[in-house]
Structure formats: structure tokens, C-alpha cells
Amino acid sequence: MKPAPAVVVRIPGLLRSYTGGVDTVRLAGLPSRATLDDALQELDRRYPGLRFRIVDEQAAVRPHIKLFVDGTLTRDLGAALPPAAELMLVGALSGG
Amino acid sequence: MATRSSANVKTGNRASPPGRPKGEPRSARHPDKAVSLLVATRKGLWTLQSDSTRRSWKLAGPHFLGHIVHHAVRDPRDGRTLLVAARTGHLGPTIFRSSNQGRSWQEAARPPAFEPGSGRSVDHTFWLTPGHAAEPGVWYAGTSPQGLFRSADGGATWDGVAGFNGHPQRMAWCGGDQDGTPDGAKLHSVLVDPRDPRHLYLAMSSGGVFESTDGGADWRPLNRGVRALFLPDPDPEFGHDPHCLRLHPQAPDRLYQQNHCGIYRLDRPAERWVDIGAAMPKSVGAIGFPLVLHPTDPDTLWVFPMDGTDVWPRVPPRGRPAVYRSVNGGRSWQRHATGLPASQAWWTVKRQAMTADRAKVAGVYFGTTSGEVWGSRDEGRTWKCLARHLPHIYALEAG
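Residues numbered from 1 in each chain as written. Chains lettered and ligands numbered in written order. Predicted model: local features only at pLDDT ≥ 70, side-chain atom pairs only at ≥ 80, totals over all residues.

Participant: Explain the overall build of chain B to me, and be specific about the residues and the numbers.
Facilitator: Within chain B, the secondary structure is distributed over 2 helices and 29 strands. What you see for chain B is a C-alpha radius of gyration of 20 Å, in line with the 21 Å of a compact globule of 399 residues. C-alpha atoms of chain B, sized along the principal axes, occupy 60 × 50 × 40 Å. Within chain B, buried positions represent 54% of all 399 residues. Taking all contacts inside chain B whose residues are at least 6 apart in sequence as the whole, residues at least 24 apart take part in 52%. (Helix = DSSP H or I, 4+ residues; strand = E, 2+ residues; numbered from the N terminus. Rg over C-alpha atoms; globule rule 2.2 N^0.38 Å. Buried ≥ 20, exposed ≤ 12 C-beta atoms within 10 Å, placed from the backbone. Contact = placed C-beta atoms within 7 Å.)

Participant: I'd like to hear about the interface of chain A and chain B, residue by residue, with values.
Facilitator: Tallying the contact residues gives 16 residues for chain A and 14 residues for chain B. Class assignment for the residues of the side of chain A that touches chain B results in 6 nonpolar, 6 polar and 4 charged. (Nonpolar A, V, L, I, M, F, W, Y, C, P; charged D, E, K, R; others polar.)

Participant: Would you mind going over the pairing of strand 11 (residues 147-151) of chain B in detail, with residue names and values included?
Facilitator: All names here are of chain B. Buried residues dominate strand 11, accounting for 5 of its 5 residues. Residues G147, F149 and S151 line one face of strand 11 and the alternating positions L148 and R150 line the opposite face, and both faces are buried. Strand direction decides the pairing type here: strand 10 (residues 139-144) and strand 11, joined by 5 bridges, are antiparallel. Among the inter-strand pairings, W139 is bridged to a residue of strand 11, identified as S151. Between the antiparallel neighbours strand 10 and strand 11 lie 2 residues. Where strand 11 lies against strand 12 (residues 159-160), 2 bridges are found, and the strand directions are antiparallel. By the bridge assignment, F149 is partnered in strand 12 with G160. (Pairing = 2+ DSSP bridges.)

Participant: Would you mind going over the sheet that holds strand 13 (residues 186-192) of chain B in detail, with residue names and values included?
Facilitator: If you trace the 4 strands from one edge of the open sheet to the other, you get 13-14-15-16 (chain B), paired in antiparallel fashion. The open sheet has two edge strands, strand 13 and strand 16 (220-221) of chain B, and neither has a second partner.

Participant: Tell me about the confidence of the model for chain B, and please be specific about residues and values.
Facilitator: All names here are of chain B. The pLDDT averaged across chain B works out to 91; a share of 91% of its residues lies at or above 70. The low-confidence segment residues 1-31, where pLDDT is below 50, has 51 contacts with residues more than four positions distant or belonging to other chains. Interface confidence for the predicted complex, given as ipTM, is 0.89, next to a pTM of 0.91. (pLDDT = per-residue confidence, 0-100.)

Participant: Please provide a residue-by-residue account of unusual backbone geometry, values included.
Facilitator: All names here are of chain B. In the segment running from S144 into P145, the intervening peptide bond is cis, with an omega of -5°. Structurally, P145 can be placed in the loop between strand 10 and strand 11. For the bond from S205 to S206, the omega torsion is 0°, close enough to zero to count as cis. As for its placement among the helices and strands, S206 is situated in the loop between strand 14 (200-205) and strand 15 (208-212). Phi angles above zero are rare outside glycine, and R54 is one such case at about 65°. As for its placement among the helices and strands, R54 is situated in the loop between strand 3 (44-50) and strand 4 (57-63).

Participant: Any chance you could break down helix 1 (residues 36-46) of chain A for me, citing the residues and the numbers?
Facilitator: Residue and element names in this part refer to chain A. Among the residues making up helix 1, those that are buried are L36, A39, L40 and L43. Down the axis of helix 1, the smallest arc covering the buried residues is 95°, so these residues share one side. On its buried face, helix 1 is in contact with strand 1 (7-10), strand 2 (24-27), helix 2 (50-54), strand 3 (65-69), strand 4 (72-74) and strand 5 (86-91). (Arc of directions from axis to C-beta.)

Participant: Which residues make up the environment of A:A92, and what values do they have?
Facilitator: Residues and elements named next belong to chain A. By the secondary structure assignment, A92 is in the segment after strand 5. You can call A92 partly exposed: it has 13 C-beta atoms within 10 Å. Sequence spacing of A92 and T72 is 20 residues, and the spatial spacing of their C-alpha atoms is 14 Å. When neighbours within four sequence positions are excluded, A92 is seen to be in contact with H64, I65 and K66.

The structure is reproduced here in C-alpha cells:
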């Protein structure tokens, strides 16, 4: 089977201590029907601990984290990732 | 995340009398050794290191700048391992560990977290306790909402203590996770009997004090005699709000607690707490967060009263901060405010933010919600500001 095109993940500043300062990660080799959580699990395999900082133990996206798939906000970890999707992780504006 | 800055601090000494204060033991001039304080704040972790006289202090940090650090503790079993409970405004809770006194840090591979499917999520780890001396590597953590966790590998991986988190009475004891204190319901003051690693105590705000004699497999409430004026039954079995619970390491049957409704002492095997807050001046009251024990004298303790009237402003009564000390197990109290601001000081001291060192003449220290660290090298009689301009201080531990 032809591998799916890589998913491009934009890493916010608040998570770059995990990626060694890298702001963009390309996830190649995900399943052809990959979900958002497949991408987060792969990120966590590469950068241990990253997923738990943005997704809690009940598989809920943490309150001040936003996930955009090709520009659309989603909190559903089961959402499908289109081929060559861009996943943007964002620390939401909050506080004063 | 290494220390990013270090500076000698010109400690404030306003109102600090020259020479030896009246009543100060001569031996206070010759303390045992230098003291290191871990200062956990809403914006990161700092350290304060004294010289051997505890007169001069050096501030270093921050570590984890921008992280909300609820507790930082040095392992007394090896003197060099540090554990830090941290989260940020956006990112979830984790534990950082250092085995070289903070020169380098590693994140826990599996931080405290409830079981998937339980419907509960850890908002933050609030409390850290090193385990028994005979169990190196064992640590306990208390979380918000209330959960108890244990690590057997020095804080690298954590598991829930099923005997507590899954106890059939837990919901009755704690209420729902929405029933907590304003900053979230907390499990804190995890205490290990130095004679027996299976004998544990913990406290919950709210929920009360609980005891286990089988290593955490089962728990029972231990609250008789403690008031709960916010409940319909003023003397219930559980549901209380202990703010800080302490066990004296050299007299492990002696327990004290600073509660939402007073100050109490319990001498086991007794089951009923004795109200020792009744001896506090009525104009000050017996409300506060921290309670600190003398390192060698089980009859000596310190509290930091706050205004618990009306809407609970959580400031010193009349804006005049003072430490109160008892040297007779709470039968009477003395006010100590020399060196502290005489008026118009509206900060307070949170439950983990007051500590004592282990010098022969004990040093006592507290951190304020306005980012100051104050210290006394004469068992609380006189005070000096050791650091200013830090963030809101959540915890202070002497190592």
C-alpha cells in the first residue's frame, strides 16, 4: 500500500522544550485512515511526555489547548486526518 | 531547564535589632550548618542558600520559569534528589526530578494520573512526600482533585493508590470534584510514620484527616473533636477542612493540624482531637493555613494566623502579620512580630509555605503570597526579609 503523505504538525513555543526547539514536525508513515490521536501518539513516541501535557488521562484535550486540523478547530481525538493534513497545536489566549 | 540567574540578595533588615535580640539564645550565633530553601512559586522555582550563620542568603533561579510549581521537595534520604510538582496555565500536570541538586532535570515518564475510564483527571499535583527511610525511591503525591499516588522509582513513574482512589467511601468523604476549595479540592499532608512504612495519614480540603495502617490498602476517618462549622452536623465523622497536618518525627504519636475551624493536637492512640486554638487571643483567632513543628521538641510549634471573619479575606488580622508560637503543645501561645511589618501588610502564607530548618536553634521561614521570603534564626522571635519581588509563593521547604 502506498504510504499516506506526511502530516505536518506545527509545534507552539510552549511545547518546544519537548522537540528540542523544532517548530515543525513531519509525521510520515501514519496509517492511511489516521486519526488525530494517531498523530498525537506518534508525536509522544518521538517526544515522550508531550501528549499528556495537552491531553488528559480521559483522552480529553486540556481546557486551554486548541487543535486545528487544516484550519478547523476540533477537540475530537477520533477525527480523521486528511492526507497531508496540517495539524496546528495552539496554547489558547487566556488570562490577563 | 537549568538555573538561569543567580544573585546575591541584600536582605532587608528593617526593624531588625542590632546585636543579639533580647532573649535570643547565645547558641543562635552558632547554628549547625548552612540552610537551603526551595521556593516554589506561581511562576517557577527558586532556591535560597544561606551561609553557615544563616545571616547571609543567596537567591538562585528560576528553574521552570512560567511553570506553576505547587511543591518542591528535597529527599532527606539522600540529600540531593529533588522532586517538583509543576504545570503551566496551558499544559497539564507533571513531575520533574533531579538527582544532582537541580543541575539537570528529567520529566517523569508517567506522572500522577487517574485511571482511564474513571472520569477523573488530575488538574495539578499539590503535595509531595518522600517515603519511609526503609523504602528508598518511594514517594507519595496528593493531587487536585483529591487523589493519592505512589512512586516506587524515585518519581519516574506513578500509580494511583487504589485503596484510596477506589475506596467505596471516597465520594462520601470528598464530595464531588466540584465541591472543593476555591483553587480546587486538594489531597495534602501525606505523612509516613517513621516507625512503620505501612502507617500513613493524609488530609483533604475538604474531606478531613484519614489514617491507614496497611500501606494504603484501607483508610478510615480520624476527625473526632474537630469542628466543621460549615456542615449541618458540627461534629461529623468526616467532611472537615484540615489545612495542614503535621506529625512530629521524633514523637510520631503526636499530631497537630491547622484546620479551617481552629488548631488541634492529637496524641495517639487517642482518637479525639484537642482544641488548642482556643488558647489563641480572641482578637486574632485560630484560623490560618500553615503549621510548623520544631525539629526536636514535639511541644514547640508555629502558626501564621489569618483573618477568617466574614468573607475570609485571607490576610493577617488588621493587616498586622505575626507568627504565633507555642512551647507547651498549644496550651498557650506567644505573638512574635519583631521585624515584620507593623501595619498595612496584606499578604498571607499558604499551607506549604512555612518551614523550619534542623539547626540546634531552629530557623523558621515563610513565603508570602506577595513574593517575599522571611526568616528567623532564633526560633521565630525576630524576623528578617530574605528575598523580595518573587512571584506568589506556594511552598517553601528547608533542606
